[in-house]
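# Inside the fold
The lines below spell out each chain.
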Amino acid sequence: MSDYQRARTPEHKQERMDAIMAAADWLFARLPYHAITMGTIAEELGWSRTNLYKYAATKEEIFLALHEAKDRAWLEDLVGALKAAKGAEAGGAGSVEDATAPLPVESFARIWAETTDRHVDFLRYQEILIAIIESNVTLERLAAFKRGWADMVAPICDVLAAQCGISADEALNLYLRLLFQAPALLAHFRCTDLTREAMALAGLPPVTGTFVDSYADFVAVCLRAARS
């Protein structure tokens, strides 16, 4: 990208933004968030910071776009996996009532957890969304993000509402509980080597279990509570 030329069409502008997001994503996989700056992103691209600022005013704008893209990928995978499982269940159903029944709670929860485990990079963005990413973007950009988010979560909320026999508002609240717990569990089960060494030095027991098993248990508890 060192042969930078300013984009003139919407398609070319999107190509530039995709390149910016890819560079920031690559850096975030290797560096802590605070170590990433507009300068390091520009350097990774082989651009000047001046050229980078033509497409994003802050690094938070870039990370907001990354969060949105990864959130969408997770949600689409989640809805697809749950609907596929429902279709397989209905294919072997013995009656119309069986075909419209919710999935077994354990099956639903396991699919949710395993699918989320395929998108753990998204959880790293989710973990810092409210406290950091949303803190340095324009009101207009944040409002557009919130509108897009509402559209993205509607399909998974429909799945949750059908699974638990609850209203749309209740399904949204359930979805948010499931979403907000995932980053914390991931950080617990996949803590850094430094954290593991510190725990050992402090005489604390090592972390046991897996993110998928623990998260599936949490999802199952929430589903049962929602249906009660």
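Residues numbered from 1 in each chain as written. Predicted model: local features only at pLDDT ≥ 70, side-chain atom pairs only at ≥ 80, totals over all residues. Heavy atoms only, no water.

### Here's the deal with the confidence of the model for the protein chain
Low-pLDDT stretches of the model should not have their predicted coordinates read in fine detail. As a reminder of what qualifies: As a per-residue measure, pLDDT tells how confident the predictor is, with possible values from 0 to 100. Helix and strand definitions follow DSSP, with helices as H or I runs of at least four residues and strands as E runs of at least two, each counted in order from the N terminus. By definition, residues are in contact when any of their heavy atoms lie within 4.5 Å.
In this model, the protein chain carries a mean pLDDT of 91, and residues with pLDDT of at least 70 account for 92%. Element-level mean pLDDT values for the protein chain span from 44 in helix α5 (residues 96-100) up to 98 in helix α6 (residues 105-117). A low-confidence stretch, residues 93-99 stays under pLDDT 50, and its non-local contacts, those more than four residues away or across chains, total 4 contacts.

### What to know about helix α8 (residues 139-164)
The α-helix advances 3.6 residues per turn, and as a result positions three or four apart in sequence lie on the same side. Which entries qualify depends on this criterion: Working rule for helices: expected span equals 1.5 Å times residues minus one. The quantity called bend is, for any residue, the angle between two axes fitted respectively to the seven residues ending at it and the seven beginning at it. Remark: exposure states derive from per-residue accessible area (1.4 Å probe, protein chains only) relative to the maximum for the residue type, with buried under 20%, exposed over 50%, and partly exposed in between.
With 26 residues, α8 extends 35 Å between its outermost C-alpha atoms, agreeing within 8% with the 38 Å of an ideal straight helix rising 1.5 Å per residue. A bend of about 35 degrees at A154 is the largest found in α8, and the proline P155 appears one to four places after it. Of all the positions in α8, only L142, F145, G148, M152, V153, I156, C157, V159, L160, A161, Q163 and C164 are classed as buried. Where α8 ends, the next residue or the one after it, G165, has phi of about 65 degrees, a positive value.

### A closer look at the nonpolar core
Defined as follows: Put simply, a nonpolar core is a bunch of buried Ala, Val, Leu, Ile, Met, Phe, Trp, Tyr and Cys residues held in one set by side-chain atoms that sit within 4.5 Å of each other.
In terms of nonpolar packing, the biggest core is built from 44 residues, with W112, I156, L160, Y175, F211 and Y215 touching the most fellow members. Of all the elements in the fold, those that place two or more residues in this core are α4 (59-91), α6, α7 (120-127), α8, α9 (168-189) and α11 (211-227). Those residues in contact with Y175 that sit more than four places away from it in its chain are D71, W74, L75, W112, W149, V153, I156, C157 and L160. Counting residues in hydrophobic clusters, the runner-up holds 30 residues, among them L45, A65, L129 and F145.

### Details of the packing of aromatic side chains
For any two aromatic rings, the description comes down to two numbers: the centre-to-centre distance and the angle of the planes. To keep things clear, this is the line we draw: Only Phe, Tyr and Trp rings take part, Trp by its six-membered ring, and two of them pair if their centres are within 6.5 Å. Stacked means planes under 30 degrees apart, edge-to-face means over 60, and tilted covers everything else. Charge over a ring is defined by NZ of Lys or CZ of Arg lying within 6 Å of the ring centre and within 35 degrees of the ring normal.
Within this structure, the stated rule accounts for 12 aromatic pairs. Centroid distance F211 to Y215: 5.4 Å. Interplanar angle 20 degrees. Geometry classified as stacked. Here F211 and its partner Y215 are both found in helix α11, 4 residues apart, which amounts to about one turn of the helix. Like Y215, F211 is buried. Aromatic ring contacts, followed pair by pair, group W74, F108, W112, F122, W149 and Y175 into a single cluster. The ring centre of Y33 lies 3.9 Å from the NZ or CZ of K59, which sits over that ring. Directly above the ring of F28 sits R124, whose terminal nitrogen or CZ lies 3.9 Å from the centroid.

### A short note on the side chain of H119
With respect to the element layout, H119 can be found in the loop between α6 and α7. The contacts of H119, once residues within four sequence positions are left out, are A73, W74 and D77.

### Observations concerning the environment of V153
Considering the arrangement of structural elements, one finds V153 in helix α8. Separated by 32 residues in sequence, V153 and D121 place their C-alpha atoms 18 Å apart. Apart from the residues lying within four places of it in its own chain, the contact partners of V153 are L75, L172 and Y175.

### Some details on the packing of α6 against α11
Condition: Between N-to-C directions, angles span 0 to 180 degrees; the directions come from axes that are lines fitted to C-alpha atoms, helices contributing only their stretch in contact. Roughly parallel refers to an angle under 35 degrees, roughly antiparallel to one over 145, roughly perpendicular to one between 65 and 115, and oblique to any angle outside these ranges. By the definition used in this description, the sense in which the near helix is turned from the far one sets the handedness, with an anticlockwise turn below a right angle giving left-handed and a clockwise turn giving right-handed.
Running from N to C, α6 and α11 cross one another at 135 degrees; their axes reach a closest spacing of 8 Å. The pairing of α6 with α11 is recorded here as oblique in orientation. Judged by the sense of rotation from one axis to the other, the crossing of α6 with α11 is right-handed. Together, V105, E106, F108, A109, R110, W112, A113, E114, T116 and D117 of α6 and F211, V212, D213, Y215, A216, V219, A220, L223, R224 and R227 of α11 make up the contact between the two elements.

### Quick word on the layout of surface pockets
Let me state the cut-off plainly: Definitions used for this entry: grid spacing 1 Å over protein atoms alone; cavity, a set of points where a 1.4 Å probe fits but cannot get out; pocket, an open set with protein on both sides within 12 Å along at least 5 of 7 lines; lining residue, one with an atom within 4 Å of a point. Grid points are joined across faces, edges and corners, and a volume is the space filled by probe spheres set on the points.
Its boundaries defined by the atoms lining it, the largest pocket holds a volume of some 220 Å³. What lines the largest pocket is V120, L123, R124, E127, P183, L186, A187, R190, C191 and T192. Put simply, the parts of the chain that give the lining of the largest pocket at least two residues each are α7 and α9. If one sorts the elements of the lining of the largest pocket by residue count, α7 sits on top with 4 residues.

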